[in-house]
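Read off the chains here:
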Amino acid sequence: MSEKSLLKELQQVQLAIDLIELGARLQVLETETELSRARLVRLFKEIRGMSPPKGMLPFSTDWFITWMPNIHSSLFYNIYTRLREDHGCERMSAFIKAYRLYVEQVESNDAEAVLGLTRAWTLIRFFESDLLQLSTCTRCTGRFVAHAHSPSHDYVCGICQPPSRAGKTRRRRDAETTEALACQPSPPPARRRA
Ligand SMILES: [Zn+2]
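About the criteria used
- Residues numbered from 1 in each chain as written.
- Predicted model: local features only at pLDDT ≥ 70, side-chain atom pairs only at ≥ 80, totals over all residues.
- Heavy atoms only, no water.
- Salt bridge = Lys/Arg side-chain N within 4 Å of Asp/Glu carboxyl O.
- Helix = DSSP H or I, 4+ residues; strand = E, 2+ residues; numbered from the N terminus.
- Buried < 20%, exposed > 50% of the residue type's maximum accessible area, 1.4 Å probe, protein only.
- UniProt positions renumbered as here; feature names shortened; annotations may be inferred.
- Phe/Tyr/Trp six-rings, centres within 6.5 Å; stacked < 30°, edge-to-face > 60°.
- Pairing = 2+ DSSP bridges.

1. Let's talk about the pattern of salt bridges
Evaluation of the coordinates by the stated rule reveals seven salt bridges. Put simply, Lys8 and Glu34 hold a salt bridge, and the shortest N to O gap is 3.0 Å. Of this pair, Lys8 sits in helix α1 (residues 3–21) while Glu34 sits in the loop between α2 (26–32) and α3 (37–48), placing them 26 residues apart in sequence. Overall, Glu34 belongs to the exposed group, its relative accessible area being 61%. Its salt-bridge partner being Asp86, residue Arg82 comes within 2.8 Å of it at the nearest N-O pair.

Written as structure tokens, this is what we have:
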């Protein structure tokens, strides 16, 4: 094996490990790495201490449009596009960094990460397939995940116009998430945890 292919192999293994640690399903690993399925299953078992769960990946764009998932998906996707466009990060490296930053952001607001890693990956694939778009809220100017080709001239996001069942505490917490969205122009913070 040449040095070059050895290096590539090591990068593939590292990518698989990063993804498994963040909660990736087997289908994500099979799509994004060139490692064999048997190898990926072995890696998965070593890292998670169990066999990879079976079952289909979530395939509907609708989940990303429902209220709370939409706020989380939008936060994640804004971080991802900034890393891609402004920092020139390569696709999968931007994806992993963005996912870690998203989890940090949510946890620092005492909330739970509603968007799992496999969902986040599906989200990116939906954008790449032009099934989703970012629409700008006409009130807070934050950019939110919306169905592709949906009219956006009078778009109002789920934080500015929350469903009536959303409680006060929840609303306050989400207002903080909106601020985080609006504050995207600053470079992403350095990772606080190893
Ligand atoms: Zn808004």
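2. Brief notes about unusual backbone geometry
Phi is positive for Asp130, close to 60°, though the residue is something other than glycine. Here Asp130 lies in the loop between α6 (117–128) and β1 (132–136). Taking the relative accessible area as the measure of exposure, Asp130 reaches 56% and is therefore exposed. Even without glycine at this site, Thr141 takes up a positive phi of about 65°.

3. Some details on the UniProt feature "binding site: Zn(2+)" (unreviewed entry) in the chain
On the UniProt side, "binding site: Zn(2+)" (unreviewed entry) is annotated at positions that read Cys137, Cys140, Cys157 and Cys160 here. A maximum C-alpha distance of 8.4 Å among these annotated residues, which run over 24 residues, shows that they cluster at one spot. Here Cys157 shows up in the loop between β2 (143–147) and α7 (168–182). Taking relative accessible area as the criterion, Cys157 reaches 0% and is therefore assigned buried. Inspection of the secondary structure assignment puts Cys160 in the loop between β2 and α7. Judged by its relative accessible area of 26%, Cys160 is partly exposed.

4. Description of the packing of aromatic side chains
Summed over all chains, the structure comprises nine aromatic pairs. Judged by centre distance (5.9 Å) and plane angle (80°), the ring pair of Phe64 and Phe126 falls under edge-to-face. In this pair, Phe64 sits in the loop between α3 and α4 (67–85) while Phe126 sits in helix α6, placing the two residues 62 residues apart along the sequence. Given the relative accessible area of 10%, Phe126 is considered buried. Arranged with centres 5.7 Å apart and planes meeting at 45°, the rings of Tyr99 and Tyr102 form a pair that is tilted. Taken together, the residues span about one helical turn, with Tyr99 and Tyr102 both in helix α5 (residues 91–108) at a distance of three residues. On the accessibility criterion, Tyr99 (6% relative accessible area) is buried. In this structure Tyr102 comes out as buried when scored by relative accessible area, which is 0%. Grouped by ring-pair contacts, the aromatic residues Phe76, Tyr77, Tyr80, Phe95, Tyr99, Tyr102 and Phe127 constitute a single cluster.

5. A few points about the pairing of β2
Put simply, side chains in a regular strand alternate between the two faces of the sheet. In terms of strand pairing, β1 meets β2 through five bridges, oriented antiparallel. Looking at the pairing, Ser135 lines up with Phe144 of β2.

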